[in-house]
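Listed below, chain by chain, are the residues.
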Amino acid sequence: MARPMSPQQIALRLAVYLMLVANAPLWLQLSRIGGAPSLYMRSALALAVLLVCGTVAILALAAWTRGMRGLWWLVAAVAALAQYYMLTYSVVMDPGMAANVLQTDVHEVADLLSLRLLLTVLAVLLLPTWWLLRVRIPAMRPLRQVGRNLVMLALAAAVATATVAVGSRDLAPLMRNHPQLRYLMNPLAPLYSTAVSALRPVFARSSVLVPMGAGAALGPSHAAGARPPLLVLVVGETARADHFGINGYGRDTTPELARRGVLSWGNVRSCGTSTLASLPCMFSPLGKEAFEARSSEYENLLDVVQAAGMAVLWVDNQSGCKGVCERVPHAQAVDGLQPELRSRLCDASGECRDEALLAGLDERLAALPAQRRAQGVLLVLHQMGSHGPAYYKRSAPGAKRFTPECRTEVLSDCAHGELVNAYDNTIAATDAFLGHTIDWLGTRSGDYDTGLLYLSDHGESLGEYGLFLHGMPYGVAPDGQKHVPMVAWLGAPLAARQSLSLDCLRAGLAEPLSHDNLYHTVLGALDVRSPSYQPALDAWAGCRRPAA
């Protein structure tokens, strides 16, 4: 500490330090990939050099003599946090994961905090914190600082280029066959992904909202004197289709749904592996490929149903609707909850179990415009569902059927059986919630033709392949993060008004479907005519008997 040090020297030393102590996930993944020791070591050495060069290049932008210590420390803190979550949950820091982090809420953050997180982050940060507080940085003329920063940036680029040229025979196939490695390079991946996710909405798409409601109208089943439809669309959270008893799972996790004779499609794939990716996509008229390639934002299913004249209401028990519900009436489940129910269903932070979505639904329905209600209602309930890592919080203490269960947010600390028990308890809680929702629809059957459609936004990893939670890049994500349940309960009057054959629907429960089908299936179920409706994507269209 006695010798003064230039900001360029600090940047280089910090880059080397982070390469050595904040990249355990990268080195562990390389060791799992295996290969000959000579090949493995060459690849590891090349990646180490590229890591240092990339970090130096980023820090070159902040290699100034004044006011930069806090920024250097922040880079180290980002690296420490990223390493903890990559190690603990086997996630990768791609732009999708960064976007999830930026849009999380206080409840989700609270679920991720732990003593282990604090100790792990401190282990990485103590040395650079002590060093950055003590190191002496001599003053330097601005022009000289600019020159030295440019030289450092050029040297970093030159060394990186030479490393790629020399090691391309090893690096090219490695990165092509294992693309997730690029998102394990710390702190490059979290810094890059955060910048991309923050800037992408600004530069990638037009701010103009493309209207989709033009031409929307109610079909002939809405003739004068007919009862209006009431469809409850339940958006599930983090539910895996292969953990639903009605889909053949070894445990009876869905007795209430089985008792009510629901339809369950067992071969459905999600649009994304996170709520942020899937939720806007599943309500879009575009389909997955066009949605991801879009240059503008489009109105969605809720806008079209509202434009046709029906009432629409979104009730949320999650961290928001990701923009889907912003042009229709919407509310949080906790809003207006009676104190007795709040104390029973919610914790001190205000996070509630999904039964809160059903509290006061009659009053919420009555508050919608009467003229629209007379044409029908689309009610969307957005669950907390099986959101991790605190699965044990998603089921009531007295309703836990599978024990012992994992009761920590550090999922790798739990025995696999305990983790599965905790997760299956969340599926059983969803089963009970859907059963109660169907029962509530029964109380409204005197005024409406009622039905329910449930579809989860994405699945979850439960330790398979060393992975936990969700949010992996879609192309490399395991099937557990993409294979989602889709369940329907149709009251006889609703099926009759659409001339739907339930036997025909049951015969097609194994047909491959995806989130692309939701938009068109709901429009068909509600008999809403729209130029954007595609019968080929309506999962129920083939089971409608032609009108006489």
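Basis of the calculations
- Residues numbered from 1 in each chain as written.
- Predicted model: local features only at pLDDT ≥ 70, side-chain atom pairs only at ≥ 80, totals over all residues.
- Heavy atoms only, no water.
- Salt bridge = Lys/Arg side-chain N within 4 Å of Asp/Glu carboxyl O.
- Helix = DSSP H or I, 4+ residues; strand = E, 2+ residues; numbered from the N terminus.
- Buried < 20%, exposed > 50% of the residue type's maximum accessible area, 1.4 Å probe, protein only.
- Disulfide = S-S within 2.5 Å.
- Core = buried A, V, L, I, M, F, W, Y, C linked by side-chain atoms within 4.5 Å.
- Contact = heavy atoms within 4.5 Å.
- Pairing = 2+ DSSP bridges.
- Axes fitted to C-alpha atoms, helices over the stretch in contact; angles between N-to-C directions.

Participant: Honestly, the pattern of salt bridges in this entry has me stumped. Any pointers?
Facilitator: Enumeration over the complete set of coordinates arrives at 23 salt bridges. Salt-bridge contacts for R227 lead to D449; the nearest nitrogen and oxygen are separated by 2.8 Å. Linking R227 in the loop between β2 (217-218) and β3 (229-236) with D449 in strand β9 (residues 449-456), this pair joins segments that are 222 residues apart in sequence. Residue R444 is joined to D362 by a salt bridge in which the shortest nitrogen-to-oxygen separation is 2.7 Å. Separated by 82 residues along the polypeptide, R444 in the loop between α17 (416-443) and β9 and D362 in helix α15 (residues 361-366) bring together distant segments of the chain. Overall, R444 belongs to the buried group, its relative accessible area being 15%. The network of salt bridges with shared partners includes E256, R259, R260 and D439.

Participant: Teacher, can you tell me more about the state of the cysteines here?
Facilitator: In this structure the tally under the stated criterion is 5 disulfides. Through a disulfide, C321 is tied to C325; the S-S separation comes to 2.2 Å. Judged by the torsion about the S-S bond (-85°), the C321/C325 disulfide is left-handed. Among the residues examined, C321 registers a relative accessible area of 8% and is labelled buried.

Participant: What is the right way to read the nonpolar core from this model?
Facilitator: Across soluble globular proteins, you tend to see nonpolar side chains buried next to one another. W72, L379, L381 and L452 are the most contacted members of the largest nonpolar core, which has 110 residues in total. For L381, the residues in contact, after removing those within four places along its chain, are V232, L233, V234, V235, V315, L357, L358, L361, F433 and T437. By size, the runner-up hydrophobic cluster in this structure holds 45 residues, among which are A216, L231, L455 and V528.

Participant: Please clarify how the sheet that holds strand β12 (residues 483-490) should be interpreted in this entry.
Facilitator: The strands making up a sheet associate through backbone hydrogen bonding, with each pair oriented either parallel or antiparallel. With mixed pairing, the 8 strands of this open sheet are ordered in space as β7-β6-β8-β3-β9-β12-β4-β13. Each end of this open sheet is capped by a strand with a single partner; those strands are β7 (330-332) and β13 (513-514). In this structure, β3 lies alongside strand β8 (residues 377-382), joined through 6 bridges in parallel fashion. Pairing of V232 across the sheet is with L379, part of β8. Across the sheet, helix α20 (residues 518-526) touches β3, β8, β9 and β13, and the angle it forms with β3 is around 160°.

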